[in-house]
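Analysis of the macromolecular model
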Amino acid sequence: MSEALPGNPGPTLQRIYDELAPDERESVLIRLLDGSSAERLALVLRKHGHTVSASTIRTYRRSLLEA
């Protein structure tokens, strides 16, 4: 298991993050935290075999703001 994502990610995002190579993790983490389009990030992840919805990404981002 890799280092956990900051905040309180749901199991889907944490699983995807754990499955990524270290350089991919860094890139995804940057995109999760920089406010990039959730739809675009979800699309890119799905293209690479990681099923996640834009809604899941938005929910995670909101949880970070509430923490």
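Everything below is about the structure printed above this text.
What counts, and at which threshold
- In every chain, residue numbers begin from 1 and rise along the written sequence.
- Only residues with pLDDT of 70 or above have their local features reported here, since the model is predicted, and side-chain atom pairs are shown and tallied only from 80 upward, although totals for entire chains, interfaces and linings are computed over all residues.
- Side-chain figures throughout are based on the complete set of non-hydrogen atoms in the structure, without hydrogens or water.
- In this text, helices come from DSSP runs of H or I with a minimum length of four residues, and strands from runs of E with a minimum of two, each type numbered from the N-terminal end.
- In protein, a polar contact means a hydrogen-donor-capable atom and an acceptor-capable atom, both N or O and within 3.5 Å, with residues adjacent in sequence counting only if both atoms are side-chain atoms; elsewhere, any N or O pair within 3.5 Å suffices.
- Note on definitions: a residue-residue contact is assigned when non-hydrogen atoms from the two residues lie within 4.5 Å.
- The rule for a salt bridge is simple: a side-chain nitrogen of Lys or Arg has to be within 4 Å of a carboxyl oxygen of Asp or Glu.
- Residues grouped as a nonpolar core are buried Ala, Val, Leu, Ile, Met, Phe, Trp, Tyr and Cys residues, joined through side-chain atoms within 4.5 Å.
- Only protein chains enter the area calculation, which uses a 1.4 Å probe; residues under 20% of their type maximum are buried, those over 50% are exposed, and those in between are partly exposed.

Attention now moves to the side chain of histidine 50. As for its position among the elements, histidine 50 is in the loop between helix 3 (38-47) and helix 4 (54-66). Only 3.3 Å separates the side chain of histidine 50 from the side chain of glutamate 19, close enough to count as a polar contact. When sequence neighbours within four positions are dropped, the list of residues in contact with histidine 50 reads Ile16, Glu19, Leu20 and Leu45.

Moving on, we get to the pattern of salt bridges. Tallied over the full model, the rule gives 3 salt bridges. Across the pair glutamate 19 and arginine 15 runs a salt bridge whose closest N-O atoms are separated by 3.4 Å. In this pair, glutamate 19 and arginine 15 both sit in helix 1 (residues 11-19), 4 residues apart, roughly one turn of the helix. In this structure, glutamate 39 and arginine 58 form a salt bridge, with 2.6 Å as the shortest nitrogen-oxygen distance. With glutamate 39 in helix 3 and arginine 58 in helix 4, this residue pair connects regions lying 19 residues apart in the sequence.

It is characteristic of soluble globular proteins that their nonpolar side chains tend to be buried jointly. Counting 15 residues, the largest nonpolar core has Leu5, Leu13, Leu32, Leu45, Val52 and Ile57 as the members making the most contacts within it. Within the residue set of this core, elements represented by two or more residues are helix 1, helix 2 (22-33), helix 3 and helix 4. The element best represented in this core is helix 3, accounting for 4 residues. The contact partners of isoleucine 57, leaving out residues within four places of it in the chain, are Leu13, Leu32, Ala38, Leu41, Ala42 and Val52.

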